[in-house]
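Architecture and fold: a report
Below, each chain spelled out in residue letters.
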Amino acid sequence: MSAAEAEVRVGPVPGRGLRRGRDGRLELPLRGVRPGRATLATLVLTTLEAEQLHAALCYALDGEPVPGDAPGCRAAVRYPGGRERY
């Protein structure tokens, strides 16, 4: 098996965004893709875990220019059709 065959790419599921579960945890649908195969999974985070991830991403992005269409921190994003996602 070559390195390209073993590579798995993980990203958001198109059309599905972050949501709050019944227990208050945050749920982010993800899709893992490798040649010929796709798998769906959900990343489930407590508020503390989400804050830790947020802090780690802020640290990693330090010094990077902010894209003009990036949403403000902790602001809901309005998509066509009136849906709000985070």
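Calculation rules
- Residues numbered from 1 in each chain as written.
- Predicted model: local features only at pLDDT ≥ 70, side-chain atom pairs only at ≥ 80, totals over all residues.
- Heavy atoms only, no water.
- Salt bridge = Lys/Arg side-chain N within 4 Å of Asp/Glu carboxyl O.
- Buried < 20%, exposed > 50% of the residue type's maximum accessible area, 1.4 Å probe, protein only.
- Pairing = 2+ DSSP bridges.
- Helix = DSSP H or I, 4+ residues; strand = E, 2+ residues; numbered from the N terminus.
- Contact = heavy atoms within 4.5 Å.
- Patch = residues over 30% accessible without salt bridge, like charges linked within 9 Å, V, L, I, M, F, W, Y side chains within 5 Å.
- Areas by Shrake-Rupley, 256 points an atom, 1.4 Å probe, with all protein chains shown as cover.

All right, on to the pattern of salt bridges then. Close approach of charged atoms allows side chains with opposite charge to pair. Using the criterion set out here, one finds three salt bridges in the structure. Across the pair D23 and R25 runs a salt bridge, and its minimum N-O distance is 3.4 Å. Here D23 falls in the exposed class, since its relative accessible area comes to 54%.

In terms of strand pairing, strand 3 (residues 26-34) meets strand 4 (residues 37-45) through nine bridges, oriented antiparallel. Directly across from R31, in strand 4, lies its bridge partner L40. If you look at the hairpin formed by strand 3 and strand 4, you'll find two residues sitting between the two strands, and G36 has a positive phi there, around 80°.

Next up on the list: the environment of P29. Looking at the element boundaries, P29 is found in strand 3. According to the relative accessible area criterion, P29 is buried, its value standing at 1%. Separated by 16 residues in sequence, P29 and V13 have C-alpha atoms that sit 5.9 Å apart. Excluding residues within four positions of it along the chain, P29 makes contact with G11, P12, V13, R16, G17, R19, A41 and T42.

Among the surface-exposed residues, L43, L53, L57 and L61 lie close enough to one another that they form a single nonpolar patch of about 340 Å² accessible area. Take the nonpolar patch: its biggest share by element is three residues, from helix 2 (residues 47-61). Examined against the element boundaries, L61 turns out to sit in helix 2.

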